[in-house]
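One-letter residues, chain by chain:
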Amino acid sequence: MAPTTEHPVTMYYPHDLHRRHGDLCCEQVLVARIAKAVGTPVYIYSYKTLVEHVRRLRAAFGAHAPLICFSVKANGNLAILRLVVQQGAGLDIVSGGELYKAQQAGCPASRIVFASVGKRPDEIRHALTAGIFCFNVESAPELAAINDIARRMRTTARVALRINPDVDAHTHTYITTGVAETKFGIDRVTAITLLRRHADYPGIRFIGLHVHIGSQISDSAPFVKAIRRVAEVLEQGRAVGVPLEWLNLGGGLGIIYKDERPQTPQAFAAAVLPLIRQLQVRLILEPGRFIIGNAGLLVTELLYIKQARGKRFAVVDAGMNDLIRPALYGAYHEVMPVTAPVTGWHRAGVYDVVGPVCESADVLARRRSLGVMEPGVLLAILGAGAYGSTMTSNYNGRLRPAEVLVRGRRWAVIRQRETLKDLIRHDVIPRSLIR
Ligand SMILES: *Cc1c(COP(=O)(O)O)cnc(C)c1O
């Protein structure tokens, strides 16, 4: 067998993980060194991978440079948001909380877009006060609500109607958002009706259309189909005098977790650009996973090897509260020892990697060859940058993990590990009811 230093870490292109004498490094820093200093579980992100993904996506579009609005729900760490904004990107938010974070990260309001089927009045006011670039509106009643609030505030709200194009992106049901049965977006007939009645909404400036058909999409065909479907709405809107200038294609670009072969940014651009030119629209993209997914890993420590009924469990100190994707979506994440096992990678050791949480769903990975392992070794869970830390919880009284950013030879904590006090910070024992 080939020397152990060539473990499939190289498969996970493109990212900035490699092995130095068998030991896993993120950029120039030993992963084990960070884990030792900060403890486990810990999320580690590569600066270079993140920046490179923004650059690659932008470069693919050349002169038709889209406004890239990073999806905050994929990773909302303030340092990550700041870094993305520094690269010239804007932010895609789905709540008033994310608006606050976007502002704290220093994102210009002119680069913020706001989607969500359930925007509350206070969130709408907050966004209007901030002067965000546009609301992606998901229903007729929401449009009416934004219109009313904008009028009362004596302003106008820029709006893109989010169209539900009824296109199946062929991804996981929980991350499919563009078929008619989901709660997202407005059907085309209703959208055309709203655009015809644009004069009834003096508080609204209709600037374009929005579609977001799902996540982890590996092929450009569904995007092309979606554009074709919204083209009709665009033309009808323009025909009744609404100057629709922007098309927001949402996020959804897939990445490699295992053996996927997602479209490259170039292939994606080549597929959509002809239509964009034809429609004479300016493009907005809302990538989340594509930017940060492969830039992050979760590092955990092996606590016990447990044998049961011919099965072998690797019990680790990270659980579904730290990374819920396997439990929620049946998602696959590559798992590998941080330090090369002396016996080689594929000998004597197939494990289910499980966390400590009291749920049968708390399985991070199934049937993985991890070699002979002793408690105390560190395991890296790859592709954990997107929908990892943002979906953490305190379930089972567990503290949310620390987060670290690596840049070249340097690294820094970008989120402190929670403390026990954090667990009870917001709880109240009311003296009036309980003595
Ligand atoms: C979640 C979401 C995104 C980001 O999706 P990715 O698959 O992470 O690129 C973009 N736009 C909207 C409206 C979303 O809800």
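Scroll up a little and you will see the structure.
The following paragraphs examine the structure supplied in this document. (Residues numbered from 1 in each chain as written. Predicted model: local features only at pLDDT ≥ 70, side-chain atom pairs only at ≥ 80, totals over all residues. Heavy atoms only, no water.)

Take the overall build of the protein next. Along the backbone of the protein there are twelve helices and 20 strands. Relative to the compact-globule value of 22 Å for 435 residues, the protein shows a C-alpha radius of gyration of 23 Å, a close match. The burial tally for the protein puts 54% of its 435 residues in the buried class. For the protein, long-range pairs separated by at least 24 residues make up 69% of all intrachain contacts whose partners lie at least 6 apart in sequence. On the protein, roughly 19,400 Å² of surface is accessible, and the fraction owed to carbon and sulfur atoms is 51%. Distance from the positive charge centre (54 side chains) to the negative charge centre (36 side chains) of the protein: 3 Å. (Helix = DSSP H or I, 4+ residues; strand = E, 2+ residues; numbered from the N terminus. Rg over C-alpha atoms; globule rule 2.2 N^0.38 Å. Buried < 20%, exposed > 50% of the residue type's maximum accessible area, 1.4 Å probe, protein only. Contact = heavy atoms within 4.5 Å. Areas by Shrake-Rupley, 256 points an atom, 1.4 Å probe, with all protein chains shown as cover. Lys, Arg positive; Asp, Glu negative; His and termini not counted. Charge placed at Lys NZ, Arg CZ, Asp CG, Glu CD.)

A full pass over the atoms with the stated rule returns six aromatic pairs. Ring geometry for Tyr-43 against Tyr-45: centres 6.2 Å apart, planes inclined by 5°, an arrangement best described as stacked. We classify Tyr-45 as buried; its relative accessible area is 0%. With a centroid separation of 5.9 Å and 75° between ring planes, the pair formed by Phe-61 and Phe-268 is classed as edge-to-face. Within this pair, whereas Phe-61 is found in helix α2 (residues 47-61), its partner Phe-268 is found in helix α9 (residues 265-279), the two being separated by 207 residues in sequence. Since its relative accessible area comes to 2%, Phe-268 is described here as buried. A network of ring pairs unites the aromatic residues Phe-61, Phe-223 and Phe-268 as a single cluster. (Phe/Tyr/Trp six-rings, centres within 6.5 Å; stacked < 30°, edge-to-face > 60°.)

In terms of nonpolar packing, the biggest core is built from 104 residues, with Phe-61, Phe-135, Leu-161 and Phe-206 touching the most fellow members. The dominant element in this core, judged by the number of residues it contributes, is helix α8 (residues 221-239), at eight residues. Sequence-distant contacts of Phe-135, that is, excluding residues within four places in its chain, are made with Phe-114, Lys-119, Ile-124, Ala-127, Leu-128, Ile-146, Ala-157, Arg-158, Val-159 and Ala-160. Counting 20 residues, the second-largest nonpolar core is a separate cluster that includes Val-38, Val-42, Val-299 and Val-406. (Core = buried A, V, L, I, M, F, W, Y, C linked by side-chain atoms within 4.5 Å.)

Between α8 and α9, the least distance of the axes is 11 Å, while the angle of their chain directions is 10°. Accordingly, the angle class assigned to the pair α8 and α9 is roughly parallel. For the pair formed by α8 and α9, the contact residues are Phe-223, Val-224, Ile-227, Arg-228, Ala-231, Leu-234, Glu-235 and Arg-238 on the first element and Phe-268, Ala-271, Val-272, Leu-275, Ile-276 and Leu-279 on the second. Partitioning the contact of α8 with α9 into residue classes produces eleven nonpolar, no polar and three charged. (Axes fitted to C-alpha atoms, helices over the stretch in contact; angles between N-to-C directions. Parallel < 35°, antiparallel > 145°, perpendicular 65-115°, else oblique. Nonpolar A, V, L, I, M, F, W, Y, C, P; charged D, E, K, R; others polar.)

This paragraph deals with the site of the ligand. In the vicinity of the ligand lie 15 residues, with Lys-73, Ser-215, Glu-286, Arg-289 and Tyr-387 positioned nearest. A distance of 2.8 Å is found between an oxygen atom of the ligand and a backbone nitrogen or oxygen belonging to Gly-252. At 2.6 Å, a side-chain N or O of Glu-286 approaches a nitrogen atom of the ligand. Taking 390 Å² as the accessible area of the ligand by itself, protein coverage stands at 94%. (Near = heavy atom within 4 Å. Polar contact = N/O pair within 3.5 Å; in protein donor to acceptor, adjacent residues only side chain to side chain.)

Spatially, eight strands are ordered β5-β6-β7-β8-β9-β10-β11-β12 in a closed barrel, and the strand pairing comes out parallel. Neighbouring strand axes in the sheet, compared pairwise and without regard to direction, differ in orientation by 30° on average. Bridge analysis of strand β9 (residues 157-162) against strand β10 (residues 204-210) gives six bridges, and the strand direction is parallel. Paired with Ala-160 across the two strands is Gly-208, which belongs to β10. (Pairing = 2+ DSSP bridges.)

Time to look at the packing of α2 against α9. Look at α2 against α9: their axes get within 8 Å of each other, and the N-to-C directions meet at 35°. The two elements α2 and α9 cross, and the hand of that crossing is right-handed. Residue-level inspection shows Arg-56, Leu-57, Ala-60 and Phe-61 of α2 in contact with α9, the latter providing Pro-265, Gln-266, Phe-268, Ala-269, Val-272 and Leu-273. A per-class count over the contact of α2 with α9 returns eight nonpolar, one polar and one charged. (Left-handed = near helix turned anticlockwise from the far one by under 90°.)

Let us now look at a nonpolar patch on the surface. Taken together, Ile-429, Leu-433 and Ile-434 make up a surface patch of nonpolar side chains, about 340 Å² in accessible area. Counting through the fold element by element, Leu-433 comes out in the segment after α12 (420-424). (Patch = residues over 30% accessible without salt bridge, like charges linked within 9 Å, V, L, I, M, F, W, Y side chains within 5 Å. Salt bridge = Lys/Arg side-chain N within 4 Å of Asp/Glu carboxyl O.)

So, about the side chain of Arg-19. Among the secondary structure elements, Arg-19 is positioned in strand β1 (residues 17-20). Nearest to the buried, unbridged Arg-19 among oppositely charged side chains is Asp-23, at 5.8 Å. Of note is the side chain of Arg-19, whose polar atom sits 2.8 Å from the backbone oxygen of Gly-22.

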